[in-house]
Amino acid sequence: MFSTNSSAYKLFNENNLDFMKRLPDSSIDLILTDPPYNLSQFSRGNIHLNNGKTINNKIAEWDSIPLNPNDYIEPFTRIIKPTGNIFIFTSYSLLGKWYDAFNPLFSTFQIFVWHKTTPTQSVYHNSFLNSCELVVCLWNKGHTWNFSSQDQMHNFFECPSCMFPEKIISPKHPTQKPLELIEHLLLISSNPNDIIFDPFMGVGTTGEAALKNNRRFIGIDIDEKYVKASLKRLSIY
Ligand SMILES: C[S@@+](CC[C@H](N)C(=O)[O-])C[C@H]1O[C@@H](n2cnc3c(N)ncnc32)[C@H](O)[C@@H]1O
């Protein structure tokens, strides 16, 4: 399996459940991650548009493999420090499962909303645009929390989806997150030199936010092409 490391970051091409067995207890300051959403099961297949084009709302192959939040209870609660925070992007279809799995285990379970100012347009014009993404936020009393004004602390953040030139062209990742959103979450919830962990790294957005702000980073992705893209992206730091 492909893996690489420098003093500031370590990247691994592996199933995160296998990898986390090797992480020591209470070793991570912040888990900031964007797992599969289990939405591909609702894909309606190819939709033919009036202009002759075809679109398909299946996100990616990795979203077709069902994700069970219960599998993450043991590793996440074991590796996070008592002062740590956990942020997990999710979908409406998995939110209840994350709640059932993690709400009993943390003193706080809150929802943060990212409002995309550039949502995908609706094909049939008969529903809301999917312009909001949800983030599960978990912590215990005494957790790290940095802000200078309550204005920074709305559980709502607005910015466009990730676009060129930030968007990695090859290999394109269908759900690459915008850096400003990830940096916002990271800065309010961690300190310089902290260890930030993203077990569903994609093309390394959490890693870039960490290194740019003098944190250390551990990233895992099961797909080798995304680990290679993350390595290229992070090697400038
Ligand atoms: C929603 S994407 C993350 C995108 C990322 N936030 C970014 O900005 O690039 C989820 C990623 O998790 C990876 N993945 C899915 N299951 C995994 C597993 N069991 N272990 C490690 N990576 C996994 C997929 O390959 C995919 O790249």
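What you see is a predicted model, and the numbers here were worked out from it, not measured in a lab. (Residues numbered from 1 in each chain as written. Predicted model: local features only at pLDDT ≥ 70, side-chain atom pairs only at ≥ 80, totals over all residues. Heavy atoms only, no water.)

### Structural notes on the packing of aromatic side chains
To keep things clear, this is the line we draw: Aromatic contacts are taken between Phe, Tyr and Trp rings whose centres are within 6.5 Å, Trp giving its six-membered ring; a plane angle under 30 degrees counts as stacked, one over 60 as edge-to-face, and the others as tilted. Helix and strand assignments follow DSSP, with helices taken as H or I runs no shorter than four residues and strands as E runs no shorter than two, numbered in order from the N terminus. Accessibility here uses a 1.4 Å probe with only protein chains present; expressed as a share of the type maximum, an area under 20% marks a residue as buried, one over 50% as exposed, and anything in between as partly exposed.
The final tally for this structure, using the stated rule, is 10 aromatic pairs. Between W98 and F102 the ring centres are 5.7 Å apart and the planes differ by 35 degrees, which places this aromatic pair in the tilted class. With a gap of 4 residues between them, W98 and F102 both fall in helix α3 (residues 92-102), about one helical turn apart. The exposure class of W98 is buried, given its relative accessible area of 1%.

### Regarding the pattern of salt bridges
The condition that has to hold: One side-chain nitrogen of Lys or Arg within 4 Å of one carboxyl oxygen of Asp or Glu is enough to make a salt bridge.
Here the structure, examined in full by the defined rule, presents 12 salt bridges. With a closest N to O distance of 3.2 Å, R78 and E74 form a salt bridge. Pair noted here: R78 and E74 are both in helix α2 (residues 73-79), with a separation of 4 residues, about one helical turn. Take E74: its relative accessible area is 48%, and that puts it in the partly exposed class. R233 is the salt-bridge partner of E208, the closest N and O atoms lying 2.7 Å from each other. With a gap of 25 residues between them, E208 in helix α5 (residues 205-212) and R233 in helix α6 (residues 224-234) connect regions that are remote in the sequence.

### A short note on α5
Counted residue by residue, α5 has 7 buried out of 8 residues, so it is predominantly covered. Listed as buried for α5 are T205, T206, G207, E208, A209, A210 and L211. Just beyond α5, the residue with positive phi is N214, at close to 60 degrees.

### With respect to the site of the ligand
Going by this rule: Residues are counted as near a molecule or strand when any one of their heavy atoms sits within 4 Å of it. By the criterion applied in these results, polar contacts are pairs of N or O atoms within 3.5 Å in which, for protein atoms, one can donate a hydrogen and the other can accept it, and in which residues neighboring in sequence qualify only through two side-chain atoms. Each accessible area is a Shrake-Rupley estimate made with a 1.4 Å probe; only the visible protein chains count as cover when residues are assessed. Amino acid classes used here: Ala, Val, Leu, Ile, Met, Phe, Trp, Tyr, Cys and Pro are nonpolar; Asp, Glu, Lys and Arg are charged; the rest, including Gly, are polar.
Around the ligand, 21 residues are found, and the nearest of them are D34, H173, V203, T205 and D221. Side-chain polar atom of H173 to an oxygen atom of the ligand: 2.9 Å apart, as the coordinates give it. I222 places a polar main-chain atom, nitrogen or oxygen, 3.1 Å from a nitrogen atom of the ligand. Coverage of the ligand by the protein amounts to 94% of the 610 Å² it exposes when considered alone. By residue class, the composition of the shell around the ligand is 9 nonpolar, 7 polar and 5 charged.

### Brief notes about the environment of N193
We count it as follows: Note on contacts: a residue pair qualifies if any of its non-hydrogen atoms lie within 4.5 Å across the two residues.
With respect to the secondary-structure elements, N193 resides in the loop between α4 (179-189) and β10 (195-198). The exposure class of N193 is partly exposed, given its relative accessible area of 48%. For the pair formed by N193 and L211, sequence separation is 18 residues and the distance between their alpha carbons is 9.3 Å. Apart from residues lying up to four places away in sequence, N193 is in contact with N214, R215 and R216.

### Some points on the state of the cysteines
What counts here: For the purposes of this analysis, a disulfide is any pair of cysteine sulfur atoms at a distance within 2.5 Å.
Counted by the stated rule, this structure contains 0 disulfides. Cysteine C137 shares no disulfide, and the gap to the nearest cysteine sulfur, in C132, comes to 14 Å. Assessed through its relative accessible area of 4%, C137 is described here as buried. There is no disulfide at C162, and the cysteine sulfur nearest it, in C159, is 9.1 Å away. A relative accessible area of 10% means that C162 is categorised as buried.

### Some points on the environment of W114
On the secondary structure map, W114 appears in strand β7 (residues 108-116). Remark: the alpha-carbon pair of W114 and G52, spanning 62 residues in sequence, is separated by 33 Å. Excluding residues within four positions of it along the chain, W114 makes contact with F89, S131, C132, E133, F157, C159, P160, S161, K177, P178 and L181. Of the polar contacts made by the side chain of W114, one reaches the backbone oxygen of C159; its length is 3.3 Å.

### Description of the packing of α4 against α5
Stated formally: With axes taken as lines fitted to C-alpha atoms, and helix axes fitted only over the stretch in contact, angles between N-to-C directions fall between 0 and 180 degrees. Every angle not falling under 35 degrees, over 145, or within 65 to 115 is termed oblique; those three ranges are roughly parallel, roughly antiparallel and roughly perpendicular. Definitions for this section: a left-handed crossing has its near helix turned counterclockwise from the far helix by less than a right angle. A right-handed crossing has that turn clockwise.
Where α4 meets α5, the closest approach of the two axes is 9 Å, and the angle between their N-to-C directions is 60 degrees. As far as their axial angle goes, α5 and α4 are oblique. As α4 runs across α5, the sense of the crossing is right-handed. Judged by residue contacts, L179, I182, E183 and L186 of α4 engage T205, T206, E208, A209, A210 and K212 from α5. Residues that form the contact of α4 with α5 fall into these classes: 5 nonpolar, 2 polar and 3 charged.

Shape is all these values report; function is a separate question.
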